[in-house]
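Secondary and tertiary structure notes
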Amino acid sequence: MRASWSGTLGTIREINGEYGQGGGMTPELTLDGTDFESRAISPLQELGAYEALWDEPKTTFKTLAEKFAARPGAVPSDFVPAEKARERAAFVQEKFRSAEITRFGVRVHGAGDYPEKLRDAAHPIELLYYQGWWDLAASRCVAVVGTRKPSPDGIARTRRLVRELVKDNFTVVSGLAAGVDTAVHETTIACDGRTIAVIGTPLSHAYPRENAELQRRIARDFLLISQVPLRRYEAQDYRMNRLFFPERNVTMSALTEATIIVEAGETSGTLIQARAALQQGRKLLILDSCFRNPSISWPQKFADKGAIRVMDYDDIRQQLSPQTH
Amino acid sequence: MTSASSFPLRLTKIDDLARPDHFYLTAADDCYFLGEYTARKGFAFSATNRLILNFKKTMDRRGRSEWVWKDRALQQAAAAFRNALNSDYLDVATLVPVPPSKAKTDPLYDDRMTRMLRAIRPQPPLDVREIILQTQSSNPVHGQAVRPRPDEIVARYQIDPSNLLPVPRTIAICDDVLTTGAHYRAAHTVLQQAFPGVRLIGLFIARRVPEAVDFSDFDELP
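Model, not experiment: these values are computed from the prediction.

1. Comments concerning the sheet that holds strand E3 (residues 105-108) of chain A
All names here are of chain A. Read across the sheet, 9 strands follow the order E3-E4-E8-E7-E6-E5-E9-E10-E11 without closing on themselves; strand pairing throughout is mixed. In this open sheet, the two edge strands, each paired with only one partner strand, are E3 and strand E11 (308-310). Across this sheet, the average inter-strand angle for adjacent strands is 25°, counted without regard to direction. Note: strand E6 (residues 171-174) against strand E7 (residues 194-199), 4 bridges, orientation parallel. Bridge assignment links Val-173 to a residue of E7, and that residue is Ile-196.

In structure tokens form, the structure reads like this:
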């Protein structure tokens, strides 16, 4: 229940509920976020509103991006009743608690320190969840991605590459999938580097399951990022949830200055990230070994569109930003 | 690539998600901030870092060419609050700066918060009142081995009796960076005693966020 505060403060309203109805005491006045100042936001409330926006089955990252593009300056709570947003936020808090996620945060476009580089995505995300150390997102980040079923050579190349990147003080980003991604995160951690995982599940889920422990480790010591709405994810069929994986590759590309592809098949999801990188004006580096594989044609196709064929780590380093701080 | 960050123009409430970063804040505290300041990361790290580090330049640098950046940061913060705060609220609110760490008699005394708050809206003037006085200089928090607790800070605070009237209708306690929340809690305590029943909120240019590389700051927490 809300009532106007019978003072001169016409714009400040009383929110009852938690505080207001105690017997006899002066009701505590809470400044409503939409009234007290022009547009203060509560990240928790935004999270709830974001989840609620996914109630509509037709919602995709594309439709959401269009919705927000049509109303510059809007945040999720502008589209969702406050009560609904609170309810959804409580749902997520409860689910995360039972998954033993005690600390997490969100980034909201239009408030706080949302990374502007994410706006380079074709359908930029309005909100993301994270666990861990957010400052890693502002460091020099390079994504290393590839197939879930790499060859022994592919794994060896991944490890060599990651060691060099860590030596050069890059934060190494990947998607926590099986295969190349897992090798990227494990190697980075093993040589005392910094890593970020951009995952295609909510923070409280791990895929593949074998990576649950690695995911916990990254959440605790590094940075774990997800754009996947929890309630929608849990409500819908796993086949629909598969669509979240390529979406996270688009975000991973936007978050990083370059994507390096170690090894990937002709239909690999990795190629989604390759396309996104070029679209977003990020560098796309493809290891020479991919070009030498006669059974695939994608390396040359991407090279024709601006990807860079790299022969060795010196080649890669020349394409990356120098250390500034 | 677009620039890494810009200084946020809307306020964010400290809710369940951010509160654990600020040891002394409770769910009853109503606090808002604009940007996130990442300690020890330097100017280049983010727009908020740049603003805060310029804003906090110490008074002994006055007269140097870098001084202009302090004034610019002050104006930038004022403009951000002007944009973020409802003018109806500004008409009736009393803005109380958390007192600077140096006493007024100290050559390093810096009234940057008061000046910034006045610059939010020069005309008609806002009710910016230095109601809380610091009785003795203290070292800035980051120079101390152990951070002070709110009750220790309260012991150093004094209410300025000449500044109590008119009784505020609603108060915003204002500070540049929210760290543990100890200074906010101390200011809240003394203002609540002075003006029982008057609503109090906290306004901060930035909140200090944890960062991955150096954990020493957390070791200082009790």
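Text resumes after the structure shown.
2. A few points about the nonpolar core
Formed by 95 residues in total, the largest nonpolar core has its most connected members in Tyr129(A) and Leu165(A). Counting residues per element, this core draws most heavily on helix H1 (residues 43-53) of chain A, which supplies 6 residues. Among all residues touching Leu165(A), those that are not within four sequence positions of it are Val142(A), Val144(A), Phe170(A), Val172(A), Ile260(A), Tyr313(A) and Leu320(A). By size, the runner-up hydrophobic cluster in this structure holds 37 residues, among which are Phe55(B), Leu74(B), Ala172(B) and Cys174(B).

3. Observations regarding the sheet that holds strand E3 (residues 93-97) of chain B
All names here are of chain B. As summarised here, the arrangement of the 6 strands in space is E1-E2-E8-E7-E3-E4, forming an open sheet in which the pairing is mixed. Either end of the sheet is taken by a strand with one partner, and the two such strands are strand E1 (12-13) and strand E4 (127-128). Two strands pair when backbone bridges link them, and strand E2 (residues 31-38) and strand E8 (residues 199-209) are joined in this way by 7 bridges, in the parallel orientation. Note that in E8 the partner of Tyr-32 across the bridge is Leu-203. Sheet contacts for helix H1 (residues 47-55): E2, strand E7 (170-178) and E8; angle to E2, the most-contacted strand, approximately 95°.

4. Thoughts on helix H10 (residues 270-279) of chain A
Residues and elements named next belong to chain A. Residues Thr-270, Leu-271, Gln-273, Ala-274, Ala-276 and Ala-277 constitute the buried set of H10. Of the surrounding elements, those touching the buried residues of H10 are strand E5 (141-145), helix H9 (244-255), strand E9 (258-261), strand E10 (283-287) and helix H12 (298-304). Just beyond H10, the residue with positive phi is Gly-281, at close to 75°.

5. Overview of the packing of H1(B) against helix H2 (residues 67-84) of chain B
Residues and elements named next belong to chain B. Put simply, H1 and H2 touch, their axes get as near as 8 Å, and they point 120° apart. Between H1 and H2, the angle falls in the class oblique. The chirality of how H1 crosses H2 is left-handed. Along its contact with H1, which presents Leu-51, Asn-54 and Phe-55, the element H2 presents Trp-69, Lys-70, Ala-73, Leu-74, Gln-76 and Ala-77. Taken together, the residues of the contact of H1 with H2 sort by class into 6 nonpolar, 2 polar and 1 charged.

6. Quick notes on the packing of H1(A) against helix H3 (residues 82-98) of chain A
All names here are of chain A. One can describe the packing of H1 onto H3 by two numbers: an axis separation of 7 Å at closest approach and a directional angle of 95°. Between H1 and H3, the angle is such that the two are roughly perpendicular. Residues Leu-44, Gln-45, Leu-47, Gly-48, Ala-49, Glu-51 and Ala-52 of H1 lie in contact with H3, whose contacting residues are Ala-82, Lys-84, Ala-85, Arg-86, Arg-88, Ala-89, Val-92 and Gln-93. Taken together, the residues that form the contact of H1 with H3 break down as 8 nonpolar, 3 polar and 4 charged.

7. A short note on the pattern of salt bridges
Taken as a whole, this structure holds 42 salt bridges over all chains when the rule is applied. With a shortest N-O distance of 3.1 Å, Asp21(B) and Arg103(A) are connected by a salt bridge. Linking Asp21(B) in the loop between E1 and E2 with Arg103(A) in the loop between H3 and E3, this pair reaches from one chain into another. Its relative accessible area of 12% is what places Asp21(B) among the buried residues.

8. Remarks on the packing of aromatic side chains
Overall, the coordinates contain 14 aromatic pairs over all chains when judged by the stated rule. The interplanar angle of 45° and the centroid separation of 4.8 Å between the aromatic rings of Tyr130(A) and Trp134(A) together place this pair among those described as tilted. Across the pair, exposure class does not vary: Tyr130(A) and Trp134(A) are buried alike. Ring centres of Phe23(B) and Tyr24(B) lie 4.9 Å apart, and the angle between their planes is 90°; this geometry places the pair in the edge-to-face category. Given a relative accessible area of 44%, Phe23(B) falls into the partly exposed group. A residue is classified by how much of its surface remains accessible, and Tyr24(B), at 15% relative accessible area, is buried. A network of ring pairs unites the aromatic residues Tyr50(A), Trp54(A), Phe61(A), Tyr233(A) and Phe244(A) as a single cluster. Geometry around Phe170(A) places Arg140(A) over its ring, the cationic atom sitting 4.0 Å from the centre.

9. Side note on helix H2 (residues 61-69) of chain A
Residue and element names in this part refer to chain A. Among the residues of H2, those classed as buried are Phe-61, Leu-64, Ala-65 and Phe-68. Down the axis of H2, the smallest arc covering the buried residues is 100°, so these residues share one side. Looking at the buried side of H2, the elements it contacts are H1 and H9.

10. Some words on the confidence of the model for chain A
In the predicted model, chain A carries a mean pLDDT of 89, and 88% of its residues have values of at least 70. Low pLDDT, under 50, characterises residues 1-34 of chain A; the stretch is placed with 50 contacts to residues that sit more than four places away or in other chains.

11. A few points about the confidence of the model for chain B
All names here are of chain B. Confidence in the prediction for chain B averages 88 pLDDT; 89% of positions are at 70 or higher. Across residues 213-222 the pLDDT falls below 50, and counting only partners more than four positions away or on other chains, this stretch makes 18 contacts in the model. The complex model carries a pTM of 0.87, and its ipTM stands at 0.84.

12. Here's the deal with the side chain of Arg156(B)
Residue and element names in this part refer to chain B. Tracing the backbone shows Arg-156 in helix H5 (residues 150-156). Buried and without a salt bridge, Arg-156 has Glu-152 as its closest oppositely charged side chain, separated by 6.4 Å. If near-sequence neighbours (up to four positions away) are discounted, Arg-156 is found in contact with Leu-133, Gln-134, Thr-135, Gln-136, Ser-138 and Pro-148.

Rules of the game
Throughout this description, residue numbers start from 1 for each chain and increase along the sequence as written. All chains are assigned letters beginning with A, and all ligands numbers beginning with 1, in the order in which they are written. pLDDT decides what is reported in this predicted model: residues at 70 or higher carry local features, side-chain atom pairs at 80 or more are listed and counted, and totals for whole chains, interfaces and linings draw on all residues regardless. To get the side-chain values, all heavy atoms of the structure are used, and hydrogens and water are removed first. At least two DSSP bridges between two strands are needed for those strands to be called paired. Secondary structure is summarised from DSSP: a helix means a run of H or I of at least four residues, a strand means a run of E of at least two, and numbering begins at the N terminus for each. Inter-axis angles, ranging from 0 to 180 degrees, are taken between N-to-C directions of lines fitted to C-alpha atoms, where helices are fitted over the stretch in contact. Here, nonpolar core refers to any group of buried Ala, Val, Leu, Ile, Met, Phe, Trp, Tyr and Cys residues whose side-chain atoms link them within 4.5 Å. A 1.4 Å probe rolled over the protein chains alone gives each residue an accessible area, and that area as a share of the maximum for its type sets the label: buried under 20%, exposed over 50%, partly exposed in between. By definition, residues are in contact when any of their heavy atoms lie within 4.5 Å. Roughly parallel covers angles under 35 degrees, roughly antiparallel covers those over 145, roughly perpendicular covers 65 to 115, and oblique covers all other angles. Left-handed describes a crossing in which the near helix is turned anticlockwise from the far one by less than a right angle; the clockwise case is right-handed. Under the convention adopted here, Pro, Cys and the residues Ala, Val, Leu, Ile, Met, Phe, Trp and Tyr are nonpolar, Asp, Glu, Lys and Arg are charged, and Gly plus all remaining residues are polar. The salt bridge definition used is simple: a Lys or Arg side-chain nitrogen within 4 Å of an Asp or Glu carboxyl oxygen. Any Phe, Tyr or Trp ring, taking Trp's six-membered ring, that has another such ring centre within 6.5 Å forms a pair; planes under 30 degrees apart are called stacked, those over 60 apart edge-to-face, and the others tilted. Charge over a ring is defined by NZ of Lys or CZ of Arg lying within 6 Å of the ring centre and within 35 degrees of the ring normal. Along the arc lie the directions from the helix axis toward the C-beta atoms. Per-residue confidence from the prediction method is given by pLDDT, with values spanning 0 to 100. Note on charges: Lys and Arg go in the positive column, Asp and Glu in the negative column, and His and the chain ends are not counted at all.

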